[in-house]
Amino acid sequence: MTELLFWPLVAGLVLTLIHAWFGLHVLARGVVFVDLSLAQVAALGLTVAILAGHGVESEAAYWYALAFALGGAVLFALARGYESSIQQEAIIGIVYAVSASLGVIALDRAPQGAEHIKQLLIGSILTVTPQEVAALAALYFCIGVAHFAVRRALVDVSFDPQQAAAQGRRLFLWDVVFYGSFALVVTSSVRVAGVLLVFAYLIVPAALAGLFAPDLLRRLLIAWGLGIALTAAGLYASWTWDLPTGPAIVSAFGVAMTLVGLAFAFKRFSFRTLGELMLAAIAVAGLLLLAFPRMDQPWLDAVESVAPPIQTAFLTQFERVTRTEMIESIERGKIELARLRELEQNVRWGKERMDPEKAERLRQYLAGRGEISAGEQLVLRHLRDKARDRQRLMLGLPLLLIGAGGFYFLWRKSPMQTKQRRPEN
């Protein structure tokens with residue numbers, strides 16, 4: 001695992017260091033989707049290169065993409081001077097939509113167009129080479145040094161443009177510097193990480209850091225730490241559960257954003273408000289179980305996974321035996337599938353050798369075993385639906401009454417309601 005994930009982790013570190021800095025500026029400017037727009041413009045340039053006969057990984061394709069991205073950067077710098085007439089975010093959205101549409105039209109004419117679109121979205125960070133990481137690190141180091149040399153002007157233009165204009169700074173010039181270097185970073189990063197992962201590196205660490213620190217330096221340090229930690233978590237999840245690497249890292253960023261958002265939301269609620277929300281959720285869950293028993297009830301599935309008797313108590317003896325046999329068969333199948341998938345992965349990565357005929361039989365067996373597992377899951381779902389039909393009154397109705405009654409009691413006891421019922425002297 002260490003050998004396979006080391007260079008993707010180093011690449012994530014390099015991407016975090018540069019994108020967190022740009023992300024703080026992007027959030028301060030209020031142009032959150034400029035990264036996606038520039039990446040899409042660069043992708044349009046790459047598409048033009050493909051139609052011109054160049055390979056996706058060729059140097060010519062890179063320069064096509066960079067030229068288009070720099071053109072978009074100049075356009076965004078010009079648009080800032082007309083913010084009183086049209087919002088810059090509107091220009092960014094229009095550029096994204098138009099470049100995406102033109103890219104789809106162009107790729108429709110190119111061979112393997114769907115594969116190119118997928119490559120642009122999710123990238124290939126898992127297969128990044130040491131040479132690619134070194135090239136990115138050298139490029140971003142140069143950009144970082146340049147930004148450090150003119151950091152005061154860039155910070156003023158991004159965080160306080162009115163003061164920067166009052167000090168005589170040429171906003172258009174510094175916007176060209178910012179967006180031009182940003183276009184260079186985005187074009188280089190998208191080749192390795194894809195559009196979605198680059199956007200996550202740019203926005204999520206910077207946005208989370210803004211919740212924890214007021215000043216720029218501490219935000220940058222926090223963003224760096226979060227980006228590195230979440231990259232490691234995403235890579236570990238990708239390895240553990242055999243997930244696509246780029247989307248796994250993006251999902252790790254999303255989970256972190258969700259957890260922090262919930263924590264800050266709960267921090268603002270009183271215990272009474274939390275109680276009302278919990279009781280309202282119980283009432284809604286009971287109502288849904290009562291009205292639509294066979295609809296997916298994730299909360300009840302989670303409870304039954306911890307305490308199976310909540311479901312088995314509503315099944316007949318024969319149904320319980322069938323359920324036990326299906327669960328045992330599924331568990332055996334999971335163990336066997338995990339072993340064979342590991343073997344297939346080792347063959348794919350060249351760690352083990354297997355003749356083509358055996359490899360094809362292995363692939364067919366995995367596909368067939370997956371269909372058997374799907375059939376067993378269907379049997380379990382049928383048994384669950386039978387239990388739900390019997391649970392609707394025994395569980396749904398009590399939950400509805402408890403939740404609705406408790407919510408009404410707390411609502412009636414709230415200070416606002418008490419004040420409204422108090423008679424005036």
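Residues numbered from 1 in each chain as written. Predicted model: local features only at pLDDT ≥ 70, side-chain atom pairs only at ≥ 80, totals over all residues. Heavy atoms only, no water.

Visitor: Looking at this structure, I do not really get helix H3 (residues 59-79). What am I missing?
Guide: Helical geometry: 3.6 residues make up each α-helical turn, so side chains three or four residues apart lie on a common side. In this model H3 runs 30 Å from its N-terminal to its C-terminal C-alpha over 21 residues, within 8% of the 30 Å that 1.5 Å per residue would give. Along H3, the residues classified as buried are Ala-61, Tyr-62, Ala-65, Leu-66, Ala-69, Gly-72, Ala-73, Phe-76, Ala-77 and Ala-79. Buried residues of H3, seen end-on, are gathered within an arc of 150° and therefore sit on one face of the element. (Helix = DSSP H or I, 4+ residues; strand = E, 2+ residues; numbered from the N terminus. Expected span 1.5 Å × (residues − 1). Buried < 20%, exposed > 50% of the residue type's maximum accessible area, 1.4 Å probe, protein only. Arc of directions from axis to C-beta.)

Visitor: Looking at this model, I keep getting lost on the packing of H3 against helix H9 (residues 171-212). Mind explaining?
Guide: When two helices pack together, their arrangement is given by the angle between the helix axes and the distance between those axes. Running from N to C, H3 and H9 point in directions that differ by 150°, and their axes come no closer than 8 Å. By the angle class used here, H3 and H9 are roughly antiparallel. With respect to the hand of their crossing, H3 and H9 are arranged in right-handed fashion. Along its contact with H3, which presents Tyr-62, Ala-65, Leu-66, Ala-69, Leu-70, Ala-73, Phe-76, Ala-77 and Leu-78, the element H9 presents Phe-172, Asp-175, Val-176, Tyr-179, Gly-180, Ala-183, Leu-184, Thr-187, Ser-188 and Arg-191. Across the contact of H3 with H9, the residue classes break down as 14 nonpolar, three polar and two charged. (Axes fitted to C-alpha atoms, helices over the stretch in contact; angles between N-to-C directions. Parallel < 35°, antiparallel > 145°, perpendicular 65-115°, else oblique. Left-handed = near helix turned anticlockwise from the far one by under 90°. Contact = heavy atoms within 4.5 Å. Nonpolar A, V, L, I, M, F, W, Y, C, P; charged D, E, K, R; others polar.)

Visitor: It is not clear to me how the side chain of Gln-88 should be interpreted in this structure. Could you clarify?
Guide: The residue Gln-88 is located in helix H4 (residues 88-109) in this model. According to the relative accessible area criterion, Gln-88 is buried, its value standing at 3%. Look past the residues within four positions of Gln-88 in its chain and what remains in contact with it is Val-31, Phe-76, Ala-79, Arg-80, Glu-83 and Tyr-179.

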